[in-house]
Amino acid sequence: MSSPVASSGGAVAAGWYKHPAVQQLGWAIAGISILVALWTLFGYYIAGNPKTQSFASFGFIPTMHAFPELWELGKLQSAVMVSTYRLGAGLAIAVAIGVPVGILMGRVKRFRELSNSPFQLLRMVSPLSWMPIAVYVYATWDGAIIFLIAMAAVWPVMFQTAAGLSKVDPAWFKVARNLGASSTQMLTRIIIPAITFDVLSGIRLALGVAWIVLVPAEYLGVTSGLGYAIQDARGTLSYHWLTAMVMTIGAIGYCLDSILVLLIKRFSWHRGG
Amino acid sequence: MSIRGTEIKIQGLTHRYTPRSPVTFNRVDLESPSGEALAIIGRSGCGKSTLLHILAGILKPTEGRVLLDGKSVEAPSPRWVMMFQAPHLFPWMTVTQNVGVGLSFGRWSKKEIQERVTEAINLVELQDYAQKNTQDLSGGQQQRVALARSLVMEPELLLLDEPFSALDAFTRASLQKDVRSIAKRLGFNIVIVTHDIDEAVIMADRAVIMAGSPGSIVDEFEVDLPDPRDRADPVVQKLRAELMARFQSAVRAKGGVPAMEEEVQ
């Protein structure tokens, strides 16, 4: 919060609250506070009503008590570790497949025309519907879940990469070739920097889908991860643990998304938005 | 920076885009001695730009060949660099990075790259903009970056495809003068394709006129003027009028409509 001084070039520290970053943070805190307030009110409402009293621990305050409990038991840490590992592995596979295939789609017209229909068709299959097949194919639950995440995440990465490449000025290739670029240099020095922004936008979309797929995938069969922890909490009627896990899912998703937004800003060379 | 020129020989060059499409130009022969600045002028569609792309090795001729110092041009090379109508800079790089990009493709040490890039940037007078993003530069400054990016390769031949046509008249005039003076100072060849008679008179030692469809070289004209050339100079204006008259009669002789002032200026 020390930078607003630099922007106006003088001693205007008093106007720090006018800095866009401070304002943005202010709005974020205000928005979250409204959400928490509504949740707290809702908690009081169900606690006060004899019919719903048994669900009182869904409220905000019991949920806040659940965090230290879950932390001490080690449940929170292990669920987060396992789930983020699955997410990371699935996303990594999606990027490893999606980016090269996307580049191929963007560069080779024949391949784009040939692959468009089958890829669009596969994309529209709900990732969770692969579950039975994944369970047959993979020996471990981990393998099956990672496969499902990769299946969900690969399409946005692939299509965004291809779309990014189609926006690239073809003259860049002509110029680079004229200046002596080899095929490898064309890829690493021209293509990749030109499309990093689009690839990251694709990963951001993929992350959203993957995070959504992860939890229901963990409802089925496994005995670890955030999805399992929610199921487990429901089974033992520990509702405040359940909401704490739901909160954790939201918070992690929000943080990961924010990191990608920062990366996208860093790698964007587009001017004017 | 020391650059030498190259002797250009174009022999029996014929081009058509596909076996069925009409001939773009037919059996073109053209020679240019080392260090010459040559202008190819003609109306749109006479094949002059295609000819330049073949010279650069970007397109292949249907028949005939291009020899530079006796060696056939088969592919693009940093020894013959082309500049286009638009600068086509890499927007994620600074001015310095853009200028050095060609050297970074080759086997140059960081120190050598830095030295040559600095020299090239000084040559096009962009010292104050070296660390800027190219998107913050004006059109003329961007075209100067593209020029420096070409010059840093120390090419024997600089190919210019109407490179200043998108710029305002004032910027265009200063770049035309600068490119000519740099080329003459360093000794490399220029081949410039243009439909702007002024550009040919200011920049070239010799102008060849391309006309007809399929195109062919119908006339040539020595631009025998001292440097620096100023378009307000009566001698320059007289030569410009002569070249315009030659151009119009050449086009007429090919059965074309005489060039309009708007198109060939």
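In what follows, the structure referred to is the one given above.
In this text, all values refer to a predicted model and were calculated from it rather than measured experimentally.

**Q** Sorry if this is basic, but what is going on with the overall build of chain A here?
**A** If you tally the helices and strands in chain A, you get 11 helices and 0 strands. Listing each helix as α and each strand as β along chain A from the N terminus yields α-α-α-α-α-α-α-α-α-α-α. When the backbone C-alpha atoms are referred to their principal axes, chain A occupies close to 75 × 65 × 30 Å. When the 273 residues of chain A are sorted by exposure, 40% land in the buried category. Taking the intrachain contacts of chain A between residues at least 6 apart in sequence as the baseline, contacts between residues at least 24 apart amount to 69%.

**Q** Honestly, the nonpolar core in this entry has me stumped. Any pointers?
**A** A general feature of soluble globular proteins is that nonpolar side chains tend to end up buried together. Membership of the largest hydrophobic core comes to 156 residues, with the highest contact counts inside it found for Ile190(A), Ile10(B), Phe90(B), Val99(B), Leu147(B), Leu159(B) and Leu243(B). For this core, the leading source of residues is helix H9 (residues 183-219) of chain A, giving 17 residues. Contacts of Phe90(B), omitting those with residues within four sequence positions, involve Trp172(A), Val175(A), Ala176(A), Ile190(A), Asn98(B), Val101(B), Thr134(B) and Arg149(B).

**Q** It is not clear to me how the interface of chain A and chain B should be interpreted in this structure. Could you clarify?
**A** Where the parts come together, the accessible area they lose is often given as the size of the interface. Between chain A and chain B, the contact holds 18 residues from the first and 24 residues from the second. Remark: the boundary between chain A and chain B carries 0 salt bridges. For the pair chain A and chain B, the number of links is 9 residue pairs in polar contact (both at pLDDT 80 or more). Counting only elements with at least two residues in the side of chain A that touches chain B, the list comes to helix H8 (170-178) and H9 of chain A. When residues of the side of chain A that touches chain B are assigned to their parent elements, the largest contribution, 7 residues, is made by H8(A).

**Q** Help me understand the environment of Val28(B) in this model?
**A** Residues and elements named next belong to chain B. Relative to the assigned elements, valine 28 resides in strand E2 (residues 23-32). Residue valine 28 is classed as buried on the basis of its relative accessible area of 2%. Residues valine 28 and glutamate 63, spaced 35 residues apart in sequence, show a C-alpha to C-alpha distance of 10.0 Å. Here valine 28 is in contact with Ile10, Gln11, Gly12, Leu13, Gly215, Ser216 and Ile217, once residues within four sequence places are set aside.

**Q** Would you take a moment to explain a nonpolar patch on the surface for this structure?
**A** Residues and elements named next belong to chain A. On the surface, Ile133, Tyr136, Val137 and Tyr138 cluster together to form a nonpolar patch covering roughly 470 Å² of accessible area. Assignment of secondary structure puts tyrosine 138 in the loop between helix H6 (131-137) and helix H7 (141-166). By relative accessible area, which is 33% here, tyrosine 138 ends up partly exposed.

**Q** Where do I start with the side chain of Ser201(A) in this structure?
**A** Structurally, Ser201(A) can be placed in helix H9. When sequence neighbours within four positions are dropped, the list of residues in contact with Ser201(A) reads Gln160(A) and Ile264(A).

**Q** Please explain the packing of helix H5 (residues 109-123) of chain A against H7(A) as it appears in this structure.
**A** Relative placement of two packed helices is described by the angle separating their axes and the distance separating the axes. Residue and element names in this part refer to chain A. At a minimum axis distance of 10 Å, the contact between H5 and H7 shows a crossing angle of 145 degrees. For the pair H5 and H7, the crossing hand works out as left-handed. Taken together, the residues of H7 that come into contact with H5 (itself represented by Asn116, Phe119, Gln120, Leu122 and Arg123) are Trp155, Met158 and Phe159. Looking at the contact of H5 with H7, its residues break down into 5 nonpolar, 2 polar and 1 charged.

**Q** What is the right way to look at the pairing of strand E1 (residues 8-16) of chain B in this model?
**A** Residues and elements named next belong to chain B. The pairing of E1 with E2 spans 6 bridges and is antiparallel. Note that in E2 the partner of lysine 9 across the bridge is glutamate 31. Linking E1 to E2, which pair antiparallel, is a turn of 6 residues.

**Q** Looking at this model, I keep getting lost on unusual backbone geometry. Mind explaining?
**A** Negative phi characterises most residues that are not glycine, and trans characterises most peptide bonds. All names here are of chain B. The linkage connecting aspartate 227 with the following residue, proline 228, adopts the cis geometry, with an omega of -10 degrees. Of note, proline 228 is situated in the loop between strand E10 (216-222) and helix H7 (234-253). At aspartate 69, a position not held by glycine, the phi torsion is positive, near 50 degrees. A relative accessible area of 36% means that aspartate 69 is categorised as partly exposed. The backbone of glutamate 162 sits at a positive phi, close to 40 degrees, despite the residue not being glycine. Mapping glutamate 162 onto the fold places it in the loop between strand E7 (157-161) and helix H5 (169-186).

**Q** When you look at helix H4 (residues 139-151) of chain B in this model, what are you seeing that I'm missing?
**A** Within an α-helix, residues lying three or four positions from one another point in the same direction, as the helix has 3.6 residues per turn. Under the 1.5 Å per step criterion, the end-to-end length of H4(B) is 18 Å for 13 residues, consistent within 8% with the ideal 18 Å. The element H4(B) is largely enclosed, with a buried count of 12 among its 13 residues. Listing the buried residues of H4(B) in full gives Gly140(B), Gln141(B), Gln142(B), Gln143(B), Arg144(B), Val145(B), Ala146(B), Leu147(B), Ala148(B), Arg149(B), Ser150(B) and Leu151(B). Elements that come into contact with the buried residues of H4(B) comprise H8 of chain A together with strand E6 (80-83), helix H2 (95-105), helix H3 (110-123), E7 and H5 of chain B.

**Q** Just to check I follow, could you spell out the sheet that holds strand E4 (residues 63-68) of chain B for this structure?
**A** Strand pairing within a sheet occurs via backbone hydrogen bonds; the two strands may be parallel or antiparallel. Residue and element names in this part refer to chain B. Pairing within the open sheet is antiparallel, and its 4 strands lie in the order E2-E1-E4-E5. Bordering the open sheet on either side are E2 and strand E5 (71-72), each of which pairs with just one other strand. Pairing analysis gives 2 bridges linking E4 to E5, with the strands arranged antiparallel. Bridge pairing in E5 links leucine 67 to serine 72. Packed on one face of the sheet, helix H1 (residues 48-55) meets E1, E2 and E4 and runs near 120 degrees to E1.

**Q** Looking at this structure, I do not really get the sheet that holds E10(B). What am I missing?
**A** All names here are of chain B. Strand order in the open sheet formed by 6 strands is E6-E7-E8-E3-E9-E10, and the pairing between neighbours is mixed. Looking at strand neighbours, the two that pair on one side only are E6 and E10, the edges of this open sheet. Shown here is a sheet whose adjacent strand axes are inclined to one another by a mean of 20 degrees, direction ignored. Pairing analysis gives 4 bridges linking strand E3 (residues 37-41) to strand E9 (residues 206-211), with the strands arranged parallel. Residue pairing across strands places leucine 38 opposite arginine 206, the latter belonging to E9. Across the sheet, H7 is in contact with E3, E9 and E10; its angle to E10 comes to roughly 160 degrees.

What counts as what
Residues numbered from 1 in each chain as written. Chains lettered and ligands numbered in written order. Predicted model: local features only at pLDDT ≥ 70, side-chain atom pairs only at ≥ 80, totals over all residues. Heavy atoms only, no water. Helix = DSSP H or I, 4+ residues; strand = E, 2+ residues; numbered from the N terminus. Buried < 20%, exposed > 50% of the residue type's maximum accessible area, 1.4 Å probe, protein only. Contact = heavy atoms within 4.5 Å. Core = buried A, V, L, I, M, F, W, Y, C linked by side-chain atoms within 4.5 Å. Salt bridge = Lys/Arg side-chain N within 4 Å of Asp/Glu carboxyl O. Polar contact = N/O pair within 3.5 Å; in protein donor to acceptor, adjacent residues only side chain to side chain. Patch = residues over 30% accessible without salt bridge, like charges linked within 9 Å, V, L, I, M, F, W, Y side chains within 5 Å. Areas by Shrake-Rupley, 256 points an atom, 1.4 Å probe, with all protein chains shown as cover. Axes fitted to C-alpha atoms, helices over the stretch in contact; angles between N-to-C directions. Left-handed = near helix turned anticlockwise from the far one by under 90°. Nonpolar A, V, L, I, M, F, W, Y, C, P; charged D, E, K, R; others polar. Pairing = 2+ DSSP bridges. Expected span 1.5 Å × (residues − 1).

Any functional reading would require information that these geometric values do not contain.
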